[in-house]
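Listed below are the residues making up each chain.
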Amino acid sequence: MSLSAVLLAAGSSPSPTPAESTTPTVPTLQDAQESATNAASWVEQNWSTWLAIGLRVLLILVIAGVLRVVVRRAITKLIDRMGRTAEAVDGTALGGLLVNAERRRQRSQAIGSVLRSVASFLILGTASLMVLGTFEINLAPLLASAGVAGVAIGFGARNLVTDFLSGVFMILEDQYGVGDTIDAGVASGEVIEVGLRVTKLRGDNGEIWYVRNGEVKRIGNLSQGWATAGVDVTVRSSEDLDRVRATLEEVSEKMGKEEPWNELLWSPVQVLGLDSVLIDSMVVRVSAKTMPGKAMTVERELRWRIKRAFDAAHIRIVGGETAVLSADVPDPAAAVAAPSAFANADSPQAMATTPITPQRTAPPIK
């Protein structure tokens, strides 16, 4: 291609002028009127649909809110009624022995909190799904994602979920409560607080144990029903059994008539008989049903009374009286000589005092 042809082609193409590239396009009044007309027609065509959707969403929210308030109030009234029933029973004589007001109060509050949380979750969750369905949103992917997320969270926080569920069932089944003395396997003591995840125990030495509910595999409640107070009385085999039994029955009858033991003892103290017989001793078993948690107190009082009664009846307990050393009694070890080195025939002292025997000389050989 020649240079003249290139210049001719470049000259034939039009070039933009500066005025055309910098001047903005100004909309005219006709364009604005056309846009307003289109918007008004769109609103006129869709306002009924949006109004119906808004009213439906508002109705769902109002119904969910009213239902949530009604359900929570019903649960609160039920919990208050449970508390009033516990207070009414607590005023009676039997209720004073069997019912712990603090225990019933905490149990009622825990149950009410769980029920209110579950009700709110179900009502608000259902309302949220209905609102999303009103906007014609496909809920299948959302529910699938929520299911996968729930499984992942369940695997990651399985210990927390286990603790929570175990605490809920422990409270619903009333396995233990505040004031009970329990043996949870990992720790034992008096329950001072019951939670949905952790139970607090006060140990025998005053320490506080925080036990996760999911770790408790077995529970021994020492404060429900009744307890057994058992005392083993060991006497000499030469004692008269009839006299021993009569003394024990007298102690039991007297203790059952005095306060406060007449309330702590739920059955008469029984002499069960011989528990074991040995060559120089025999064991007599004494037992009684007591108020839960008071077995140790009753056992100590029984030992105290039995010892005093046996001393008064001159019944000797195995071991007898403690010997009292006096200054006038001679020491039997005073006449015993100290061990001497001469007692050993092979000692150097004994060898030094042994007489030297003369050695015989052999006769000369002729």
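Above this text sits the structure in question.
Parameters and conventions
- Residues numbered from 1 in each chain as written.
- Predicted model: local features only at pLDDT ≥ 70, side-chain atom pairs only at ≥ 80, totals over all residues.
- Heavy atoms only, no water.
- Pairing = 2+ DSSP bridges.
- Helix = DSSP H or I, 4+ residues; strand = E, 2+ residues; numbered from the N terminus.
- Axes fitted to C-alpha atoms, helices over the stretch in contact; angles between N-to-C directions.
- Parallel < 35°, antiparallel > 145°, perpendicular 65-115°, else oblique.
- Left-handed = near helix turned anticlockwise from the far one by under 90°.
- Contact = heavy atoms within 4.5 Å.
- Nonpolar A, V, L, I, M, F, W, Y, C, P; charged D, E, K, R; others polar.
- 1 Å grid on protein atoms, 1.4 Å probe; cavity = no way out; pocket = protein on both sides within 12 Å on 5 of 7 lines; lining within 4 Å.
- Points joined across faces, edges and corners; volume = space filled by probe spheres on them.

A. Structural detail: the pairing of strand β2 (residues 188-194). As paired elements, strand β1 (residues 181-183) and β2 share 3 bridges and run antiparallel to each other. Bridging from a neighbouring strand, Ile182 pairs with Gly189 of β2. Hairpin connection, β1 to β2: the antiparallel pair is bridged by 4 residues, and Gly185 has positive phi, about 90°. Where β2 lies against strand β3 (residues 198-202), 4 bridges are found, and the strand directions are antiparallel. Within β3, the residue paired with Val194 across the bridge is Thr199. The loop that links β2 with its antiparallel partner β3 comprises 3 residues.

B. Examining the packing of helix α8 (residues 241-257) against helix α10 (residues 295-312) more closely. One way to put it is that α8 packs onto α10 with a least axis distance of 10 Å and a crossing angle of 130°. Relative to α10, the element α8 is oriented oblique. Classified by chirality, the crossing of α10 by α8 is right-handed. Contacts between α8 and α10 involve Val244, Thr247, Leu248, Val251, Lys254 and Met255 from the first element and Val298, Glu301, Leu302, Arg305, Ile306, Ala309 and Phe310 from the second. Within the contact of α8 with α10, the residues separate by chemical class into 9 nonpolar, 1 polar and 3 charged.

C. View of empty space enclosed by the protein. One pass over the structure, following the stated rule, counts 2 cavities of 30 Å³ or more. If you add up the space inside the second largest cavity, you get close to 40 Å³. Residue classes in the lining of the second largest cavity are distributed as 7 nonpolar, 2 polar and no charged.

Nothing here speaks to function; it is all geometry.
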